[in-house]
Amino acid sequence: MKDIAVIGAGTMGNGIAHVFAQNGFKVQLIDISKNALEKGVQTITKNLDRMVAKEKITSLDKENTLNNIACFTNIKDGVANTELVVEAATERLDLKLNIFKTLDEVCNSKTILATNTSSISITEIAAATSRPDRVIGMHFMNPVPIMKLVEIIRGYNTSGEVTNIIMQLSKTLGKVPVEVNDYPGFVANRILMPMLNESIETLYNGVAGVEQIDTVMKLGMAHPMGPLQLADFIGLDVCLSILNVMYDGFKNPKYAPCPLLVNMVNAGKLGVKSGEGFYDYSESKKAKNVSQQFLK
């Protein structure tokens, strides 16, 4: 397998394209927005420049990686002759179902269709195609070029052959694949999101402030980043979306999103990407606590 396509040039998509291209794969990066494609390639270039500066790769490695990436705004053109498509679009079921219906129509019948979804049912996505045995979850962690883990999620009908191919492929990327079954949140987010949500509840109930909560978890539990800062980094809208998927899937109140999280997302305070969340990122790189206004 040498030719792959990545759908979505955002944070996860450009990271996935980067990793494949750096490992010698020919990558078709697809996004309906030319601006998103340009920004995606710029991000990849900046990340490669950092690696060159740290002497982790050579300038030639950087050049070869960028030469391995071609950009497309049309799915049909972008997936031509690819053996694997990795979808990394926005975490919305309706969008993913439409993409997979289209992929099923335009891709070779042997092409494996993977999704980078962090919580949505692989089985439900696969049911939108005529090849559910060749649909699988390939959940990379952010930032993709750095994080080693890839959750490999088997849908109800995903074949053992396809699972083995994707497990081995992940290893060739220098990743550590972990096979999990298809239930809401999989493993990573089923454990992580309730912790983040409980941290937000702790703030909402006035037990402690943002920096105090994060300090307890960093120093007391040896977490490299506090849960509220991590939520900002992930995106509060993404956290809310995943919690809603888990709440809908399990019908268990322990997964119900904290009202403070809902309010902040409704107010457009999404974390790092909007410049403000539990911390303020707008004026300097050093995060500043701003969430007290939402507790009034």
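Residues numbered from 1 in each chain as written. Predicted model: local features only at pLDDT ≥ 70, side-chain atom pairs only at ≥ 80, totals over all residues. Heavy atoms only, no water.

Within an unreviewed UniProt entry, the label attached to the chain reads 3-hydroxybutyryl-CoA dehydrogenase, and the organism entered is Hyunsoonleella flava.

Undergrad: Pulling in residues and values, what's your account of the domain arrangement of the chain?
TA: For the chain, the assigned domains are domain 1 (3-181) and domain 2 (189-289). Averaged C-alpha coordinates put domain 1 and domain 2 at centres separated by 27 Å. Counting from both sides, the interface comprises seven residues of domain 1 and, opposite them, five residues of domain 2. When the two sides are added together, the surface that domain 1 and domain 2 hide from each other amounts to roughly 470 Å², 54% of it contributed by carbon and sulfur. The tally of links between domain 1 and domain 2 comes to one residue pair in polar contact (both at pLDDT 80 or more). (Domains from an automatic or database assignment. Contact = heavy atoms within 4.5 Å. Buried area = accessible area lost by both parts, 1.4 Å probe. Polar contact = N/O pair within 3.5 Å; in protein donor to acceptor, adjacent residues only side chain to side chain.)

Undergrad: Tell me about the nonpolar core, and please be specific about residues and values.
TA: Of all hydrophobic cores here, the largest spans 34 residues; its most connected members are Ile16, Phe20, Val27, Leu84, Met138, Phe140 and Ile166. With six residues, helix 1 (residues 11-22) is the single largest residue contributor to this core. Not counting the four nearest positions on each side in its chain, Leu84 is found in contact with Met1, Asp3, Ile4, Ala5, Phe20, Thr111, Ile112, Ala114, Ile166 and Leu169. Counting 24 residues, the second-largest nonpolar core is a separate cluster that includes Leu196, Cys239, Leu270 and Phe278. (Core = buried A, V, L, I, M, F, W, Y, C linked by side-chain atoms within 4.5 Å. Buried < 20%, exposed > 50% of the residue type's maximum accessible area, 1.4 Å probe, protein only. Helix = DSSP H or I, 4+ residues; strand = E, 2+ residues; numbered from the N terminus.)

Undergrad: Which residues make up the packing of aromatic side chains, and what are the values?
TA: Inspection of the entire model under this criterion finds two aromatic pairs. Ring geometry for Phe20 against Phe25: centres 5.2 Å apart, planes inclined by 90°, an arrangement best described as edge-to-face. Exposure remark for Phe25: the relative accessible area of 5% places this residue in the buried category. Lying across the ring of Phe25, Lys2 places its NZ or CZ 5.0 Å from the centre. (Phe/Tyr/Trp six-rings, centres within 6.5 Å; stacked < 30°, edge-to-face > 60°. Lys NZ or Arg CZ within 6 Å of the ring centre and 35° of its normal.)

Undergrad: Break down a nonpolar patch on the surface for me, citing the residues and quoting the values.
TA: On the surface, a cluster of nonpolar side chains totalling about 210 Å² of accessible area is made up of Leu149, Val176 and Val178. With respect to the helices, strands and loops of the structure, Leu149 is situated in strand 7 (residues 149-154). On the basis of relative accessible area, Leu149 is assigned to the partly exposed category, the value being 31%. (Patch = residues over 30% accessible without salt bridge, like charges linked within 9 Å, V, L, I, M, F, W, Y side chains within 5 Å. Areas by Shrake-Rupley, 256 points an atom, 1.4 Å probe, with all protein chains shown as cover. Salt bridge = Lys/Arg side-chain N within 4 Å of Asp/Glu carboxyl O.)

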